[in-house]
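# Secondary and tertiary structure notes
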Amino acid sequence: MIFQPSVLVAQITDTHLFADSIQGKMYGVPTERSFVKVLEKLKQLQPQPDVLLLTGDLSQDETSQSYQRLASLLSPLNIPTYWIAGNHDNLPTMERVLSSAPISAKKSFEMGGWNFFLLNTNVPGCVYGEISPESLEWLEYNIKMTGNKPVLIALHHPPVKINSEWMDKILLHNPENFLSIINRYPQVKIVLSGHIHQEFAKEINGIHYLSTPSTCIQFEPGNYKFFLDKQPPGLRLLTLYPDGNYTTKIERINYIYECDMAASGY
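Described below are features of the structure shown in this document. (Residues numbered from 1 in each chain as written. Predicted model: local features only at pLDDT ≥ 70, side-chain atom pairs only at ≥ 80, totals over all residues. Heavy atoms only, no water.)

## A few points about the pairing of strand 7 (residues 108-111)
How we decide: For each residue, the accessible area found with a 1.4 Å probe, counting protein chains only, is set against the maximum for its type, and the residue is called buried under 20%, exposed over 50%, and partly exposed in between. Only DSSP runs of H or I covering at least 4 residues are called helices, and only runs of E covering at least 2 are called strands; the numbering of each starts at the N terminus. When DSSP locates at least two bridges between a pair of strands, those strands are taken to pair.
Alternating residues of strand 7 divide into Phe 109 and Met 111, all buried, and Ser 108 and Glu 110, none buried. In terms of strand pairing, strand 7 meets strand 8 (residues 114-118) through four bridges, oriented antiparallel. The residue bridging Ser 108 from the neighbouring strand is Phe 117, located in strand 8. Adjacent in sequence and paired antiparallel, strand 7 and strand 8 are bridged by two residues, among which Gly 112 carries a positive phi angle near 60°.

Next up, the structure:
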């Protein structure tokens, strides 16, 4: 038997970068500055992650320059990096800019005995998300092809409610077809998402639904209306074992910021 070591995955999400790295702010917070602080935290990790997953809303202004800024900050890490679009992203621009090693536009790969599938939920002009019938067909076909190997699925919009009235309205619309597929396959272990700017974890039918803090501002959990949280930015680390088990934790940075609720943002 060939021994397969564990795989360390870092999830980075909701960076909301701008073309102008100095003036680009979300609710008064300079998003690139906080993102750089998160990357500094990541660089200190030992061992370094084997793979980075970027789970959407990578840009706030949908410009090619914002994605070029992202690539210029991530490429020196030389860590294999995969991404999906969020509701603030421009998918064609991402595909053009974010496609040079170590950043890949591929939406499926295998590492450490795990299969990773990245789903597009971007609906142009809408805050909520959807998965196309073609993507669902692609997903089920590929899950079938994995045999018994564990599966991690990443998408921007969470497919389950998070007990926040205003956010539950703008998650994945009509998630029933997606959930009915993954509930048929016990090899699906983790569904990883962004969008909600907060830590979230819930287990349903043996599948773990995880969301992760933004690298900039945070939304207050459990609130019935939009409200910003004082929690600092962060990222998620997952250690995946070939038998389908895993451990995970949130790493936050020491970054204090003052939000401007009147400023333009989400």
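Having seen it, we continue.
## Observations concerning the sheet that holds strand 11 (residues 200-204)
Whenever strands of a sheet pair, they do so through backbone hydrogen bonds, lying parallel or antiparallel. Basically, it comes down to this: The axes are straight lines fitted to the C-alpha atoms, using for helices just the contacting stretch, and the angles between their N-to-C directions are given from 0 to 180°. The contact criterion used is simple: two residues touch if any of their non-hydrogen atoms lie within 4.5 Å.
Read across the sheet, six strands follow the order 7-8-9-10-12-11 without closing on themselves; strand pairing throughout is mixed. Each of the sheet's edge strands pairs with one partner strand only, and the pair in question is strand 7 and strand 11. With strand direction ignored, the average angle separating the axes of adjacent strands in the sheet is 20°. Judged from the four bridges that link them, strand 10 (residues 188-193) and strand 12 (residues 207-211) form a sheet pairing that is parallel. Of the residues in strand 12, the one forming a bridge with Ser 193 is Ser 211. The strands touched by helix 4 (residues 133-145) are strand 7, strand 8, strand 9 (151-154) and strand 10; relative to strand 8, the strand with the most contacts, the crossing angle is about 175°.

## Side note on the side chain of Gln 198
Along the chain, Gln 198 turns up in the loop between strand 10 and strand 11. Setting aside residues no more than four positions away along its own chain, Gln 198 makes contact with Ile 162, Met 167, Ser 211, Thr 212, Pro 213, Gln 218, Phe 219, Glu 220 and Pro 221.

## Quick word on the packing of aromatic side chains
So the rule is basically this: A pair of Phe, Tyr and Trp rings is counted when the ring centres sit within 6.5 Å of each other, with Trp represented by its six-membered ring. The angle between the planes then sorts it: under 30 degrees is stacked, over 60 is edge-to-face, the rest tilted.
A complete count under the given rule lists seven aromatic pairs for this structure. Plain terms: the ring middles of Trp 166 and Phe 219 are 5.4 Å apart, the flat faces sit at 65° to each other, and that makes the pair edge-to-face. Of this pair, Trp 166 sits in helix 5 (residues 165-168) while Phe 219 sits in strand 13 (residues 218-219); the two residues are 53 residues apart in sequence, bridging distant segments of the chain. Neither Trp 166 nor Phe 219 differs from the other in exposure class; each is buried. A residue is classified by how much of its surface remains accessible, and Trp 166, at 16% relative accessible area, is buried.

## A short note on the sheet that holds strand 6 (residues 103-104)
One open sheet holds the six strands; their spatial order is 6-5-4-1-15-16, and the pairing between them is mixed. Looking at the sheet topology across the chains shown, the edges are occupied by strand 6 and strand 16 (246-252). By the bridge criterion, five bridges tie strand 1 (residues 7-12) to strand 15 (residues 234-240) in an arrangement that is antiparallel. Paired with Gln 11 across the bridge in strand 15 is Arg 236.

## Considering the packing of helix 1 (residues 31-43) against helix 2 (residues 64-74)
Formally: The labels follow the angle: roughly parallel below 35 degrees, roughly antiparallel above 145, roughly perpendicular from 65 to 115, and oblique for the rest. Note: crossing handedness is left-handed where the near helix turns anticlockwise from the far helix by less than a right angle, and right-handed where it turns clockwise. Charged means Asp, Glu, Lys or Arg here, nonpolar means Ala, Val, Leu, Ile, Met, Phe, Trp, Tyr, Cys or Pro, and polar covers whatever is left, Gly included.
Two elements in contact, helix 1 and helix 2, have axes whose closest approach is 11 Å; the angle formed by their N-to-C orientations is 25°. Our classification of the angle between helix 1 and helix 2 gives roughly parallel. Judged by the sense of rotation from one axis to the other, the crossing of helix 1 with helix 2 is right-handed. On the side of helix 1, the interface is formed by Glu 32, Phe 35, Val 36 and Leu 39, while helix 2 contributes Arg 69, Leu 70, Leu 73 and Leu 74. Looking at side-chain class alone, the contact of helix 1 with helix 2 contains six nonpolar, no polar and two charged residues.

## Here's the deal with the environment of Ser 180
Turning to its location among the elements, Ser 180 is positioned in helix 6 (residues 176-182). Each C-alpha atom of the pair Ser 180 and Glu 165 lies 24 Å from the other, and the pair is 15 residues apart in sequence.

## Examining the pattern of salt bridges
The following threshold applies: In the sections that follow, a salt bridge refers to a side-chain nitrogen of Lys or Arg positioned within 4 Å of a carboxyl oxygen of Asp or Glu.
Counting across every chain of the model gives five salt bridges. The shortest N-O distance in the salt bridge between Glu 251 and Lys 41 comes to 3.6 Å. Remark: Lys 41 occurs in helix 1 and Glu 251 occurs in strand 16; sequence separation between them is 210 residues. Owing to a relative accessible area of 25%, Lys 41 belongs among the partly exposed residues under this scheme. Salt-bridge contacts for Glu 140 lead to Arg 184; the nearest nitrogen and oxygen are separated by 2.8 Å. Taken together, the residues span a long stretch of sequence, with Glu 140 in helix 4 and Arg 184 in the loop between helix 6 and strand 10 at a distance of 44 residues. For Glu 140, a relative accessible area of 17% gives the class buried. Judged by relative accessible area, which is 47%, Arg 184 ranks as partly exposed.

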